[in-house]
Amino acid sequence: GVLYMQQGRHVEAEEVLKERRRLGDVHASMALGDFHMKRGRHAEAEELFKEGRLLGHPDASTHLGMLCMQQGRHAEAEELANEGRHIGNSDASTLLGTIYRQQGRHAEAEKVLKEGRQLGDRPASTQLGMLYMQQGRHAEAEAVLKEGRQLGDRPASTQLGMLYMEQGRHAEA
């Protein structure tokens, strides 16, 4: 199912994932939840992520938190990110840091984004760079955004270009 998704064969992907889910594959439930979330089918995604959470999938609370954040349900997203963080999910640390950054809770954001970075979550470097940009800490922002770009997090390149533009370094942007 996941291979079909990567190939853009969405109908086939959904069919295979639904069948795997019927057979009790919690990973298929999570992949199907991601599939629905990307297509804006939030009610279906939420149901699947909740199912994954009940079945103990380690990423379920974080995925559900991301969905809540997309829907503006920030208190729920924060609670779910904390839940994921306490079980060692690096994505959860980045999600929580992003929530804190957006709320202006910079010290808390920096702490958990650094944690996500240490756990190996690529987007943590980008989010940390964005936090540093907000604070005018340009040298630090540049360093972590370059790190994010090297790790393959595409938004890091965009943010790095924006940083260069802000600094008048147009040739580098």
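What you are looking at is a predicted structure, and each value in this text was computed from that prediction instead of being measured. (Residues numbered from 1 in each chain as written. Predicted model: local features only at pLDDT ≥ 70, side-chain atom pairs only at ≥ 80, totals over all residues. Heavy atoms only, no water.)

Caption draft 1: Expanded view of the packing of helix α6 (residues 74-86) against helix α7 (residues 90-102). Contact geometry of α6 with α7 gives a least axis separation of 8 Å together with a crossing angle of 145 degrees. Note that α6 runs across α7; the crossing there is left-handed. For the pair α6 and α7, the contacting residues are His74, Ala77, Glu78, Ala81, Asn82, Gly84 and Arg85 in the first and Ala92, Ser93, Leu95, Leu96, Ile99, Tyr100 and Gln102 in the second. Its residues placed into classes, the contact of α6 with α7 shows 7 nonpolar, 5 polar and 2 charged. (Axes fitted to C-alpha atoms, helices over the stretch in contact; angles between N-to-C directions. Helix = DSSP H or I, 4+ residues; strand = E, 2+ residues; numbered from the N terminus. Left-handed = near helix turned anticlockwise from the far one by under 90°. Contact = heavy atoms within 4.5 Å. Nonpolar A, V, L, I, M, F, W, Y, C, P; charged D, E, K, R; others polar.)

Caption draft 2: Broad picture of the nonpolar core. Ranked by size, the top nonpolar core spans 29 residues in total, and within it Phe49, Leu67, Leu128 and Leu163 carry the most contacts. Broken down by element, this core gets its largest block of residues, 5 residues, from helix α5 (residues 60-70). Excluding its chain neighbours within four sequence positions, the residues that come into contact with leucine 128 are Glu110, Leu113, Lys114, Arg117 and Val144. Counting 6 residues, the second-largest nonpolar core is a separate cluster that includes Leu17, Ala28, Leu32 and Leu48. (Core = buried A, V, L, I, M, F, W, Y, C linked by side-chain atoms within 4.5 Å. Buried < 20%, exposed > 50% of the residue type's maximum accessible area, 1.4 Å probe, protein only.)

Caption draft 3: Here's a closer look at the packing of aromatic side chains. Under the defined criterion, the tally for this structure stands at 0 aromatic pairs. Positioned above the aromatic ring of phenylalanine 35, the side-chain terminus of arginine 39 is 4.0 Å from the ring centre. (Phe/Tyr/Trp six-rings, centres within 6.5 Å; stacked < 30°, edge-to-face > 60°. Lys NZ or Arg CZ within 6 Å of the ring centre and 35° of its normal.)

Caption draft 4: Structural detail: the layout of surface pockets. A volume near 660 Å³ is recorded for the largest pocket. Lining the largest pocket are 23 residues, and of these Met66, Asp91, Asp121, Pro123 and Asp153 lie nearest its centre. Elements with a minimum of two residues in the lining of the largest pocket: α1 (2-6), α3 (26-38), α5, α7 and α9 (122-134). (1 Å grid on protein atoms, 1.4 Å probe; cavity = no way out; pocket = protein on both sides within 12 Å on 5 of 7 lines; lining within 4 Å. Points joined across faces, edges and corners; volume = space filled by probe spheres on them.)

Just distances and angles here, no functional claims.
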